[in-house]
Amino acid sequence: MKLPSRRTAAAISLVLAVAALAFSWLTRPDPLPASAIPTRSADRANGEVLYHAGSCFACHKPPEGASNLSLPSGGTPFETPIGVFYPQNLTPDPETGLGRWSEADFVNAMTRGLAPDGRHYFPAFPYLAYRAMPVTDLLDLRAYLIGLPAVTAAHPQHAVPLLAFARRGVGLWKRIALGRPPFAPPSGGSDSWKRGAYLVNGPGHCGECHTPKDRLMIEDLSRHLAGGPHPGGEGKVPSLRGLLTRQKYEGVSHLTLALQNGEELGYEDLSSGGMGAIQENLARLPESDVRAIAEYLLSLK
């Protein structure tokens, strides 16, 4: 086989170098500066509400056999069609958790999908939804997490092919995904309805499972909360629209009761397919918030 000439080899090397530089520039992290974080006293009680609204423990629970099964130290495998992810330790351990994260680090993780060292987080972490949360709420959530007991819990690297390249490539995906405005409820509706819309679409990130994705794995908002393939790759997630017309629930009080009690009162559809853990977290919310969620969901035609 004839080898390429020196000129051809040099041209190929130049093209590859330019491509590498372009890839590096297009996938560079774009963090918020520390100056963008307001100075305020965080409300840890509000942070606890947001923690349960987001069902943080459901994803960040420790694996069976861990020393403390009640804290969000992460590590339970999350299997997806592209690989296995191991969720972050959310306790304030300085070595394996959030103990050394600044407020800016936390806000950048939640809204920009960036680790403190600038690595891109895979969108299995639903930061597209968390962008709908005001920075003040994010700081309250951080205050709640930082106040938890620290657990040392190191986890395996994500089992994703070509991990480093794939992680950097998320930067390209973000250029499209983060260009879309975050969720904002319409101007109409009661205060309770708006609160429900915020909890469902912001901290609750319900659309991550209940809204189908397009070819770029970005939520297809034309089918918002209309159900679709399960993100784990097996089965389907039901639609949250038309719950009244489909006679799933009789009204706001009925759905509120179901969200608070799940299968304890015979609502098996709220305790299957992963919803059991979500319902358990929602049951910890103030009743006014559970009712607001029910009011919003039942308004979806």
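This text goes with the structure placed above it.
Residues numbered from 1 in each chain as written. Predicted model: local features only at pLDDT ≥ 70, side-chain atom pairs only at ≥ 80, totals over all residues. Heavy atoms only, no water.

Enquirer: Which parts of the structure should I look at to understand the pattern of salt bridges?
Expert: A side chain of one charge can pair with a side chain of the opposite charge when the charged atoms of the two come close. Overall, the coordinates contain six salt bridges when judged by the stated rule. Aspartate 220 is the salt-bridge partner of arginine 223, the closest N and O atoms lying 2.9 Å from each other. (Salt bridge = Lys/Arg side-chain N within 4 Å of Asp/Glu carboxyl O.)

Enquirer: Looking at this model, I keep getting lost on the side chain of asparagine 89. Mind explaining?
Expert: Within the fold, asparagine 89 resides in the loop between strand S2 (83-85) and helix H4 (103-112). A polar contact is formed between the side chain of asparagine 89 and the backbone nitrogen of threonine 91, at a distance of 2.9 Å. A distance of 2.8 Å separates a polar atom in the side chain of asparagine 89 from the backbone oxygen of valine 151. Excluding its chain neighbours within four sequence positions, the residues that come into contact with asparagine 89 are Pro72, Ser73, Gly74, Thr96, Gly97, Leu98, Val151, Ala153 and His155. (Helix = DSSP H or I, 4+ residues; strand = E, 2+ residues; numbered from the N terminus. Polar contact = N/O pair within 3.5 Å; in protein donor to acceptor, adjacent residues only side chain to side chain. Contact = heavy atoms within 4.5 Å.)

Enquirer: When you look at the packing of aromatic side chains in this model, what are you seeing that I'm missing?
Expert: For any pair of aromatic rings, the description rests on two quantities: the centre-to-centre distance and the angle between the ring planes. All told, the structure shown has six aromatic pairs when counted by the stated rule. Summarising the aromatic geometry, the rings of phenylalanine 125 and tyrosine 127 are spaced 5.8 Å apart at their centres and angled 70° between planes, so their arrangement reads as edge-to-face. For the pair phenylalanine 125 and tyrosine 127, one class covers both residues: buried. (Phe/Tyr/Trp six-rings, centres within 6.5 Å; stacked < 30°, edge-to-face > 60°. Buried < 20%, exposed > 50% of the residue type's maximum accessible area, 1.4 Å probe, protein only.)

Enquirer: Can you walk me through the packing of H4 against helix H6 (residues 135-146) in this structure?
Expert: Relative placement of two packed helices is described by the angle separating their axes and the distance separating the axes. At a minimum axis separation of 10 Å, H4 and H6 run at an interaxial angle of 115°. The angle between the axes of H4 and H6 places the two elements in the roughly perpendicular class. Note that H4 runs across H6; the crossing there is right-handed. Contacts between H4 and H6 involve Glu103, Phe106, Val107, Met110 and Thr111 from the former and Val135, Leu138, Leu139, Leu141, Arg142 and Leu145 from the latter. Looking at the contact of H4 with H6, its residues break down into eight nonpolar, one polar and two charged. (Axes fitted to C-alpha atoms, helices over the stretch in contact; angles between N-to-C directions. Parallel < 35°, antiparallel > 145°, perpendicular 65-115°, else oblique. Left-handed = near helix turned anticlockwise from the far one by under 90°. Nonpolar A, V, L, I, M, F, W, Y, C, P; charged D, E, K, R; others polar.)

Enquirer: In this structure, what is going on with empty space enclosed by the protein? I would like to understand it.
Expert: Considering all chains together, one arrives at one cavity of 30 Å³ or more under this definition. Roughly 30 Å³ of volume is contained in the largest cavity. Lining the largest cavity, in full, are Leu50, Gly54, Cys56, Met110, Tyr130, Met133, Leu141 and Pro203. Residues that form the lining of the largest cavity fall into these classes: seven nonpolar, one polar and no charged. (1 Å grid on protein atoms, 1.4 Å probe; cavity = no way out; pocket = protein on both sides within 12 Å on 5 of 7 lines; lining within 4 Å. Points joined across faces, edges and corners; volume = space filled by probe spheres on them.)

Enquirer: Sorry, what's going on with a nonpolar patch on the surface here?
Expert: Taken together, Trp25, Leu26 and Leu172 make up a surface patch of nonpolar side chains, about 280 Å² in accessible area. Within the secondary structure layout, leucine 26 lies in helix H1 (residues 6-26). When its relative accessible area of 32% is taken as the criterion, leucine 26 is described as partly exposed. (Patch = residues over 30% accessible without salt bridge, like charges linked within 9 Å, V, L, I, M, F, W, Y side chains within 5 Å. Areas by Shrake-Rupley, 256 points an atom, 1.4 Å probe, with all protein chains shown as cover.)

Enquirer: How should the environment of tyrosine 144 be read in this particular structure?
Expert: Tracing the backbone shows tyrosine 144 in helix H6. The exposure class of tyrosine 144 is buried, given its relative accessible area of 10%. Through-space distance from the C-alpha of tyrosine 144 to that of aspartate 220 is 32 Å; in sequence the pair is 76 residues apart. The contacts of tyrosine 144, once residues within four sequence positions are left out, are Arg44, Gly47, Glu48 and Tyr51.

Enquirer: In this structure, what is going on with helix H7 (residues 163-177)? I would like to understand it.
Expert: The α-helix winds at 3.6 residues per turn, so residues separated by three or four positions along the chain end up facing the same way. In a regular helix each residue adds 1.5 Å, so 15 residues correspond to 21 Å; H7 covers 20 Å between its end C-alpha atoms and thus fits that length. Of the residues making up H7, those classed as buried are Leu163, Arg167, Val170, Gly171, Trp173, Lys174 and Ala177. Buried residues along H7 sit against H1, H4 and helix H5 (127-130). (Expected span 1.5 Å × (residues − 1).)

Fair warning: the whole summary comes from geometry, so function is off the table for now.
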